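# Structural overview
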Amino acid sequence: MKKHQREIILVDQFQINRTQFLVKSKDIYFLDPSELFSRIDWRRFEEDVCVTNIVYGELFEALVINNKTLVCYWPNLNFPDDNWLELSVHFKEAKIKTRIIYPDFTSNEKLDSASPVQKIWKSFLLFLMESLCEDIKMNDFLEEIAILKCGNDSILLFKLKQNGISKYSYVQFPDEGFHLDNRDVHLKEIGVNFPHMFSSFEQLLEKLILEIDVNSYQTSFLDRTLEKRYFNTILKNCSSKNLIESWVRNYSLN
């Protein structure tokens, strides 16, 4: 996946003053308790998984897909506390740039640090940020290889590289709505956990050949360095009169 510097701005505003941020940039996603509560009762996130799914879906799309900056409420009272220390560890591991802005407020503009609402919000936000950071770390290790398409069936081939070691895998999308530009969303929606990992690209293809009729799929390669290896492996493992036609149809000489 494409790597970029992500940023999260924490402010001590239960109802965020958006004007001060929009003047500087339009690519901002705001997450404040007041506005969010007008759309969904986030206090019920532990009871209703739909609450978490809806809010996290919006958050993931904004930060990971659309590369927006997140501005969200985090109370300054009793700062730093254990929740903040845990949050900062997640940000560091996911290589997220963090800024903290604490405007001056009178005492009646802040919530009591022991208020139930504030405690629920901090727990909810901590849960969202932990999940987001884990997904960002996973996405940053992913490198797309190719998309295979046949009718409504799409298959994404990809490489995972961690600690200098490359592993290969694929995920199948039996959905005509799959689009390459939204692959991150699709991976998240189906909850991919990559059950089959292979030590080489050829091992991946040999497994794939057993699962599908690869000659019936059209290919679109994002990593051109593996395109020739793809067709060489098919030629070695398949005996099909349509192979040459498939090669001519799909292989780019560029």
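One structure accompanies this document, and this report is about it. (Residues numbered from 1 in each chain as written. Predicted model: local features only at pLDDT ≥ 70, side-chain atom pairs only at ≥ 80, totals over all residues. Heavy atoms only, no water.)

### Quick look at the overall build of the protein
When helices and strands are tallied, the protein shows nine helices and eight strands. By residue count, 44% of the 254 residues in the protein fall in the buried class. Restricting the contact set of the protein to residue pairs at least 6 apart, pairs at least 24 apart contribute 68%. In the form shown here, the protein has an accessible surface area of approximately 14100 Å², with 49% of it arising from carbon and sulfur atoms. (Helix = DSSP H or I, 4+ residues; strand = E, 2+ residues; numbered from the N terminus. Buried < 20%, exposed > 50% of the residue type's maximum accessible area, 1.4 Å probe, protein only. Contact = heavy atoms within 4.5 Å. Areas by Shrake-Rupley, 256 points an atom, 1.4 Å probe, with all protein chains shown as cover.)

### Let's talk about unusual backbone geometry
Positive phi, normally seen in glycine, also occurs at Asn67, with a value near 55 degrees. Following the sequence through the fold, Asn67 ends up in the loop between helix H3 (49-65) and strand E3 (69-73). The backbone phi angle of Lys95 is positive, close to 60 degrees, even though this residue is not glycine. Note that Lys95 resides in the loop between helix H4 (82-93) and strand E4 (96-101).

### Digging into helix H8 (residues 227-237)
Here H8 has its buried residues at Glu227, Tyr230, Phe231, Thr233 and Ile234. The buried residues of H8 occupy one face: seen down the axis, they fall within an arc of 160 degrees. (Arc of directions from axis to C-beta.)

### Some words on the pattern of salt bridges
Here the structure, examined in full by the defined rule, presents 12 salt bridges. A salt bridge links Asp48 to Arg44, with the nearest nitrogen and oxygen atoms 3.5 Å apart. In this structure Asp48 comes out as partly exposed when scored by relative accessible area, which is 22%. Residue class for Arg44 comes out partly exposed when judged on its relative accessible area of 34%. Here Lys159 and Glu143 are joined by a salt bridge, their closest N and O atoms 3.7 Å apart. On the criterion of sequence distance, the pair formed by Lys159 in strand E6 (residues 153-162) and Glu143 in strand E5 (residues 142-150) is long-range, its members being 16 residues apart. Each of Arg18, Asp32, Glu35, Arg39 and Glu58 takes part in salt bridges that share partners, so that together they form one network. (Salt bridge = Lys/Arg side-chain N within 4 Å of Asp/Glu carboxyl O.)

### Some thoughts on the environment of Glu93
The topology assignment puts Glu93 in helix H4. When the C-alpha atoms of Glu93 and Glu134 are compared, they prove to be 8.7 Å apart, with 41 residues separating the residues in sequence.

### Describing the packing of aromatic side chains
Throughout the structure, instances matching the rule amount to nine aromatic pairs. Their ring planes at 75 degrees and their centres at 5.0 Å tell us that Trp42 and Trp121 sit as a pair that is edge-to-face. Separated by 79 residues along the polypeptide, Trp42 in the loop between helix H2 (33-37) and H3 and Trp121 in helix H5 (residues 116-141) bring together distant segments of the chain. The two residues Trp42 and Trp121 agree in class, both being buried. Measuring from ring centre to ring centre gives 4.9 Å for Phe45 and Phe124, while their planes differ by 40 degrees; the resulting arrangement is tilted. Taken together, the residues Phe45 in the loop between H2 and H3 and Phe124 in helix H5 connect sequence positions 79 residues apart. (Phe/Tyr/Trp six-rings, centres within 6.5 Å; stacked < 30°, edge-to-face > 60°.)

### Details of the side chain of Lys159
Classification of Lys159 by relative accessible area gives buried; the value is 15%. Discounting residues that sit within four places of it in the chain, Lys159 has contacts with Phe141, Leu142, Glu143, Ile145, Ser166, Lys167 and Tyr168.

### Topic: the sheet that holds E4
A sheet is described by the order of its strands in space; here four strands give the open sequence E2-E3-E1-E4, paired in parallel fashion. At either margin of the open sheet sits one strand with a lone partner, and together these are strand E2 (28-31) and E4. Here the strands of the sheet are splayed against their neighbours by 20 degrees on average, with no regard to which way each runs. Here strand E1 (residues 6-11) runs beside E3; their pairing, made up of four bridges, is parallel. Paired with Ile8 across the two strands is Leu70, which belongs to E3. Packing of H3 onto the sheet brings it into contact with E1, E2 and E3, and relative to E2 it is tilted by some 155 degrees. (Pairing = 2+ DSSP bridges. Axes fitted to C-alpha atoms, helices over the stretch in contact; angles between N-to-C directions.)

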